[in-house]
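Architecture and fold: a report
Below, each chain spelled out in residue letters.
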There are 4 protein chains.
Amino acid sequence: MEEFARSDLAAECGGEREGEGIRVRKSESGGCRILQVQVRSSEAAKRIGKPEGCYVTLDCGNIRMLEENEFDRVRCALSVEIREMAERMCGKRVGGQFSVLVAGLGNAEITADAIGPETVRRMAVTRHLRRLDHALFSTVGLCEISALVPGVLGQTGLETVELVRGAVKAASPDLVVAVDALASRSVERLATTVQLSDTGIHPGSGIGNSRKALNAETVGVPVMALGVPTVVDSSTLVYDALRRAGYEPQYFSGELHQALKEGKNFFVSPKEIDLLVSSVAVLLAGALEKAFTVRDGEFS
Amino acid sequence: MEEFARSDLAAECGGEREGEGIRVRKSESGGCRILQVQVRSSEAAKRIGKPEGCYVTLDCGNIRMLEENEFDRVRCALSVEIREMAERMCGKRVGGQFSVLVAGLGNAEITADAIGPETVRRMAVTRHLRRLDHALFSTVGLCEISALVPGVLGQTGLETVELVRGAVKAASPDLVVAVDALASRSVERLATTVQLSDTGIHPGSGIGNSRKALNAETVGVPVMALGVPTVVDSSTLVYDALRRAGYEPQYFSGELHQALKEGKNFFVSPKEIDLLVSSVAVLLAGALEKAFTVRDGEFS
Amino acid sequence: MEEFARSDLAAECGGEREGEGIRVRKSESGGCRILQVQVRSSEAAKRIGKPEGCYVTLDCGNIRMLEENEFDRVRCALSVEIREMAERMCGKRVGGQFSVLVAGLGNAEITADAIGPETVRRMAVTRHLRRLDHALFSTVGLCEISALVPGVLGQTGLETVELVRGAVKAASPDLVVAVDALASRSVERLATTVQLSDTGIHPGSGIGNSRKALNAETVGVPVMALGVPTVVDSSTLVYDALRRAGYEPQYFSGELHQALKEGKNFFVSPKEIDLLVSSVAVLLAGALEKAFTVRDGEFS
Amino acid sequence: MEEFARSDLAAECGGEREGEGIRVRKSESGGCRILQVQVRSSEAAKRIGKPEGCYVTLDCGNIRMLEENEFDRVRCALSVEIREMAERMCGKRVGGQFSVLVAGLGNAEITADAIGPETVRRMAVTRHLRRLDHALFSTVGLCEISALVPGVLGQTGLETVELVRGAVKAASPDLVVAVDALASRSVERLATTVQLSDTGIHPGSGIGNSRKALNAETVGVPVMALGVPTVVDSSTLVYDALRRAGYEPQYFSGELHQALKEGKNFFVSPKEIDLLVSSVAVLLAGALEKAFTVRDGEFS
């Protein structure tokens, strides 16, 4: 039924409602509505087309339009979610003994796809400082942060997972955070929602193709996925307009069905995508730095 | 009826069919289908929502996908159209006595809007060489080319027309060519069609707002408009899908009508807009240089 | 004697010492050493190779290395100098009746030369808001700010002064502020000094070539020049090293003299010029916005 | 003696003259003077401060200023040198069974350092096409090309060698080509010389620090270094001017000596570095693609 409407957001795929094998928890923080979806059975996973695991979305309004203090509050709220998920995934407290590798996925040459590279570009890494100033890590509790922009297959001839695996071997992190641009089903979500999940990255809807997935199995350490929707499938624009107009999908005529399906493989972005991506990258870089800067006994 | 479907292309607004006050001529050149539409009465202008004048579109397939030799042929065909229109508009042969000012309109910070600035960035100007090498112009027949990137109101606080007028005063050109990104009604047109017209630029559908228009009246010399569609109104995606599915606009229910209208003010671009814009700018810059490089007695 | 050492900074050309026709005043503000040099006779102007007028330099240490609070203090100190000079030049208080046009000079494609364009890119203009919200200007006392990036002769075929004159006609400002990259004689000055002056811009050392100057005479309103050194003449590196080593210029052998002169026409920048220019542009844009945001009765 | 004059070019370090353990061969091709220097003993290596191996430099004049046909000839000449060195290093003919990994070293955010990333950005990789079109490789003889932009330590927290090792494990290439910006001793060399060598990359003059070297020992396959000088140590400007003026280094006074040494750690580039780097990257990308596109029986 939702076949016209590809989405990388669990909250748009049926995950927003409690159900068999799906637990939903709502809260608020920093001016964001926060939705935590737990997909707990393989049936539920199949139903919503997303792997089992935990998905958290923060709805914060258009990131580009946030005032400076709103922006700071969203950044804090997001950093808390990131850190808590990181600690749950690794069974270990963030702090001087914690090491994280941030992988900025996507094509830096295509703005709508460049959230990963742009986020990494704005982050301060710390791993190489350990041998220069050991106390920063041991006393203050700074995490070891390293980062990678692996590029895409068409640019490198190499699978992302192969490069991340190499970096994991080099940095021995406790956790990989894979930052990526997402597709949403609804135009209103673009640049207004952040999703993090403990499932890693599963190219192509999480079914099959596991060889190219980015997860604990393929890279050797847990992989958190962090992303913001920047593109929308053109057919979902049509579909959503029809729904809004009261049409029920099952009554769509064969021709309309066909027309919707034909439009499928083509993604669009708002005209101002350049400005959106820049704001989003500042937010994600800031939240990641904050999440992994200090904890242990909270430096005082 | 066409209210859901904003387009800057005369060929999409009813101009593609002969009619009262509208003359259409089709031809082919350099692998492009060329459509020349002449809007010859104010009634016809009102009917298609475009000012009286001559509109030429070249359909050349996706500009980014052209092979090198196809690209060259399109560039040549386009340069011929530009030059012929320039000579008609100015009543004067292109050559050593001809001076053209290229104005790259749009916002250079927003890729989908940056065709004008990107084209200018790739052009070689010549005006300042006249005093260094007068023979280039008098013997060889090189045109005087100057260029301007005026920016947009939100960046400069100045109306484009005011800045172009200043540059016209400085350069005293025979002709202004205003290069700009266009909106098309159909996704298939994006980066596949070039339109030139002798009507200048008319912000907001050519009706009213004449103070901000860029034409002979407001800047003092004839203004040719040259553009390529890079954005599409989101509501037209829906509208077109419905048409393709056999729905007739007049039967749209009130709710659908409303839904389409609500989507109106928001423009989308293909995800790969960065690559499209770069190819388009290379094409336009090349065609402009070729159009205004030599003619008179065709340098031998 | 100073022939090997081109500098756009009055403070490096003999202006740093009191003398016949030269008055010097030193102060401190916001952590900057401030030097005000007044060149008051044509003999003095000839001696230091700079036109008569007032030159203010702020030495603030490497702009890229400033901590956030230091940066803010420098920005404030600079905004005060800009505003005071603006009011002196125009005989008029900054505020709701004041209009300023910022011209970002230089070549945006060459990083070391891009301070002007990069500054303008980061500024918020206000002129176009007056008709939307008149009270902002009349009650609050916001100045009218407009901006222009004229490009360089090789890109446009047009003299900068011609384009600025056009923009002045359009915006009718009280003052033009021309922002530009400067050459300093000493590597230590690069990105550590801001100079403003009430003399406008005089291409090629202020002597001759007055046709291309940017000043009240050529554009019709007073022109403040605002800049930061980002390049240094390669021969000055040699010259300075020799001076530091105790050599006196008059004893330079003929061959050395020749070698120094041969290196003359070639400018160098620090390898990290990209990062320097970005910090400098943020500083200048911030100081300009602050200088021209409110005054009159100081909005309360 | 050469302590003031850091250079990455063997041809500037004494390698340009035959001597004990050093063999020099000169030739010409494609309008370039080609110098092949073989450093054949550890004494010779120590004397010139470069590891044993083979260094080839092509002098082609300012790369940015080459006419289109000159540019093509230089590209061809360079591709021949790259291919011959590759075959010598790997003991294997370039062709359908050959696999090369291009590593674009340096900091993409600092133009003068960005030759590696900019070259990779302009290359077409092929490795991922093998499973789609096996015949391209087996029949036509296309090499497998993959590429990597590892970033620098300050951006990633990871040593370059660690990331290259990971990519080598993923791609199993016969050869790594490491593309990097070089420092030359002489300003005249900037963007006019290409150097390739079979020694890999040795951070900091090739002595010590072998852990971070990029060579067969550290990454597991032979490493060719390919680079073009884009920066010059500021003290060499002074030193060279003095030499040109007839001063002999041994007579330098203590103060001059000191002054020269103080200037040491600071690199400069020509003001137009943006344009230089772009031309250089086009040249290197083109030569690499040509070198590794076909050979075996030379596809016919």
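Note that the structure is predicted; figures quoted are calculated from it, not measured. (Residues numbered from 1 in each chain as written. Chains lettered and ligands numbered in written order. Predicted model: local features only at pLDDT ≥ 70, side-chain atom pairs only at ≥ 80, totals over all residues. Heavy atoms only, no water.)

**Some thoughts on the overall build of chain A**
Each helix and strand counted, chain A has 10 helices and nine strands in total. A total of 300 residues make up chain A; the buried ones form 61% of that total. Across chain A, the fraction of contacts at a sequence separation of at least 24, relative to all contacts at a separation of at least 6, is 75%. Carbon and sulfur atoms provide 48% of the accessible area of chain A, an area that totals close to 12,100 Å². (Helix = DSSP H or I, 4+ residues; strand = E, 2+ residues; numbered from the N terminus. Buried < 20%, exposed > 50% of the residue type's maximum accessible area, 1.4 Å probe, protein only. Contact = heavy atoms within 4.5 Å. Areas by Shrake-Rupley, 256 points an atom, 1.4 Å probe, with all protein chains shown as cover.)

**Regarding the pairing of strand β7 (residues 193–197) of chain A**
Residue and element names in this part refer to chain A. Of all five residues that make up β7, five are buried, and the element is covered over most of its length. Here β7 shows a buried face lined by T193, Q195 and S197 and a second buried face lined by V194 and L196. Bridge count for strand β3 (residues 53–59) against β7 is five bridges, and the pairing is antiparallel. In the sheet register, V56 faces β7, and the bridge partner there is L196. (Pairing = 2+ DSSP bridges.)

**Looking at helix α2 (residues 68–90) of chain C**
With 23 residues, α2(C) ought to run about 33 Å at 1.5 Å a step, and its terminal C-alpha atoms sit 33 Å apart, in line with that. A positive phi of about 60° marks C:G91, the residue just after α2(C). (Expected span 1.5 Å × (residues − 1).)

**Describing the packing of aromatic side chains**
Under the definition given, this model contains four aromatic pairs over all chains. Seen in terms of ring centroids, C:F98 and C:F292 are 5.8 Å apart; in terms of plane orientation they differ by 20°. Their pairing is stacked. You can see C:F98 sitting in the loop between α2 and β4 (99–104) and its partner C:F292 sitting in the segment after α10 (273–291), a full 194 residues away along the chain. Residue C:F292 is classed as buried on the basis of its relative accessible area of 1%. In this structure, C:K271 is placed above the aromatic ring of D:F267, and the distance from its NZ or CZ to the ring centre is 5.9 Å. (Phe/Tyr/Trp six-rings, centres within 6.5 Å; stacked < 30°, edge-to-face > 60°. Lys NZ or Arg CZ within 6 Å of the ring centre and 35° of its normal.)

**Considerations on unusual backbone geometry**
Comment: phi is negative for the bulk of residues other than glycine, and the bulk of peptide bonds are trans. In this model, A:A191 sits at a positive phi of 60°, which is unusual for a non-glycine residue. Overall, A:A191 belongs to the buried group, its relative accessible area being 1%.

**A look at the pattern of salt bridges**
Residues and elements named next belong to chain A. Across all of its chains, the model carries 48 salt bridges over all chains by this definition. The salt bridge partner of K92 is D174, with a shortest N-O separation of 2.8 Å. Taken together, the residues span a long stretch of sequence, with K92 in the loop between α2 (68–90) and β4 (99–104) and D174 in the loop between α6 (160–171) and β6 (175–184) at a distance of 82 residues. Via salt bridges that share partners, E12, R33, D59 and R189 belong to a single interconnected network. (Salt bridge = Lys/Arg side-chain N within 4 Å of Asp/Glu carboxyl O.)

**Focus: a positive patch on the surface**
Residues A:R23, A:R25, A:R40 and A:R88 make up a contiguous surface patch of positive charge. With respect to the helices, strands and loops of the structure, A:R40 is situated in the loop between β2 (32–39) and α1 (42–48). (Patch = residues over 30% accessible without salt bridge, like charges linked within 9 Å, V, L, I, M, F, W, Y side chains within 5 Å. Lys, Arg positive; Asp, Glu negative; His and termini not counted. Charge placed at Lys NZ, Arg CZ, Asp CG, Glu CD.)

**Observations concerning the packing of α2(A) against helix α10 (residues 273–291) of chain A**
Between two packed helices, what matters for the description is the angle formed by their axes and the separation of those axes. All names here are of chain A. Running from N to C, α2 and α10 point in directions that differ by 50°, and their axes come no closer than 8 Å. Classified by the angle their axes make, α2 and α10 are oblique. For the pair α2 and α10, the sense of crossing is right-handed. Where α2 abuts α10, its residues F71, V74, R75, C76, L78, S79, I82 and R83 lie against S279, V282, L283, L284, G286, A287, L288, K290 and A291. Partitioning the contact of α2 with α10 into residue classes produces 11 nonpolar, three polar and three charged. (Axes fitted to C-alpha atoms, helices over the stretch in contact; angles between N-to-C directions. Parallel < 35°, antiparallel > 145°, perpendicular 65-115°, else oblique. Left-handed = near helix turned anticlockwise from the far one by under 90°. Nonpolar A, V, L, I, M, F, W, Y, C, P; charged D, E, K, R; others polar.)

**Notes on the nonpolar core**
Counting 53 residues, the largest nonpolar core has A:L78, A:I82, A:L175, A:L226 and A:F292 as its most contacted members. If you tally residues by element for this core, the top one is α10(A), at 10 residues. (Core = buried A, V, L, I, M, F, W, Y, C linked by side-chain atoms within 4.5 Å.)

**Side note on the pairing of strand β6 (residues 175–184) of chain C**
All names here are of chain C. Counting buried residues along β6, 10 of its 10 residues qualify, which places the element largely inside the surrounding structure. Direction of pairing for β4 relative to β6: parallel, over a ladder of five bridges. Considered in β6, the bridge of L101 is made with V176. The pairing of β6 with strand β8 (residues 223–233) spans nine bridges and is classified as parallel. From the neighbouring strand, D180 faces β8, where its bridge partner is G227.

**Some remarks on the packing of α6(A) against helix α6 (residues 160–171) of chain D**
Two elements in contact, α6(A) and α6(D), have axes whose closest approach is 8 Å; the angle formed by their N-to-C orientations is 135°. Accordingly, the angle class assigned to the pair α6(A) and α6(D) is oblique. The chirality of how α6(A) crosses α6(D) is right-handed. Here A:E162, A:L163, A:G166, A:A167, A:K169 and A:A170 of α6(A) lie close against α6(D), whose contacting residues are D:E162, D:L163, D:G166, D:A167, D:K169 and D:A170. Along the lines of polarity and charge, the residues of the contact of α6(A) with α6(D) split into six nonpolar, two polar and four charged.

**Focus on a negative patch on the surface**
Residues A:E67, A:E68, A:E70, C:E67, C:E68 and C:E70 make up a contiguous surface patch of negative charge. The topology assignment puts C:E68 in helix α2. The exposed category is assigned to C:E68, whose relative accessible area is 67%.

**Topic: the state of the cysteines**
For the structure shown, the criterion picks out zero disulfides over all chains. Looking at A:C60, it has no disulfide partner, and the nearest cysteine sulfur is the one in A:C32, 4.9 Å off. The thiol of B:C13 is unpaired, and the distance to the nearest cysteine sulfur, on B:C54, comes to 15 Å. (Disulfide = S-S within 2.5 Å.)

**What to know about helix α6 (residues 160–171) of chain B**
The end-to-end C-alpha separation of α6(B) is 16 Å, in line with the 16 Å expected for 12 residues at 1.5 Å each. Within α6(B), nine of the 12 residues are buried, leaving the element largely enclosed by the surrounding structure. Buried residues in α6(B) make contact with β4 (99–104), β5 (144–148), β6 (175–184) and α7 (216–219) of chain B together with β5 (144–148) and α6 (160–171) of chain C. B:S172 lies just past α6(B) and shows a positive phi near 45°.

**Structural notes on the side chain of B:E118**
Residues and elements named next belong to chain B. You can see E118 is positioned in helix α3 (residues 115–121). A residue is classified by how much of its surface remains accessible, and E118, at 18% relative accessible area, is buried. When near neighbours in sequence (up to four residues on either side) are disregarded, E118 contacts V277 and A281.

**Considerations on the confidence of the model for chain A**
All names here are of chain A. Chain-level pLDDT for chain A is 87 on average; 86% of the residues reach the 70-or-more range. Contacts for the low-pLDDT stretch residues 205–209, under 50 throughout, to residues beyond four places or in other chains number four contacts. Scored as a whole, the predicted complex attains pTM 0.88, and scored at its interfaces, ipTM 0.88. (pLDDT = per-residue confidence, 0-100.)

**Side note on the environment of C:S234**
You can see C:S234 is positioned in helix α8 (residues 234–244). Residue C:S234 is classed as buried on the basis of its relative accessible area, which comes to 4%.

**Some thoughts on the environment of C:R23**
Residue and element names in this part refer to chain C. Inspection of the secondary structure assignment puts R23 in strand β1 (residues 22–29). Between the C-alpha atoms of R23 and Q38, which are 15 residues apart in sequence, the distance is 5.0 Å. Ignoring sequence-local partners within four residues, the contact set of R23 consists of E18, Q36, V37, Q38 and R40.

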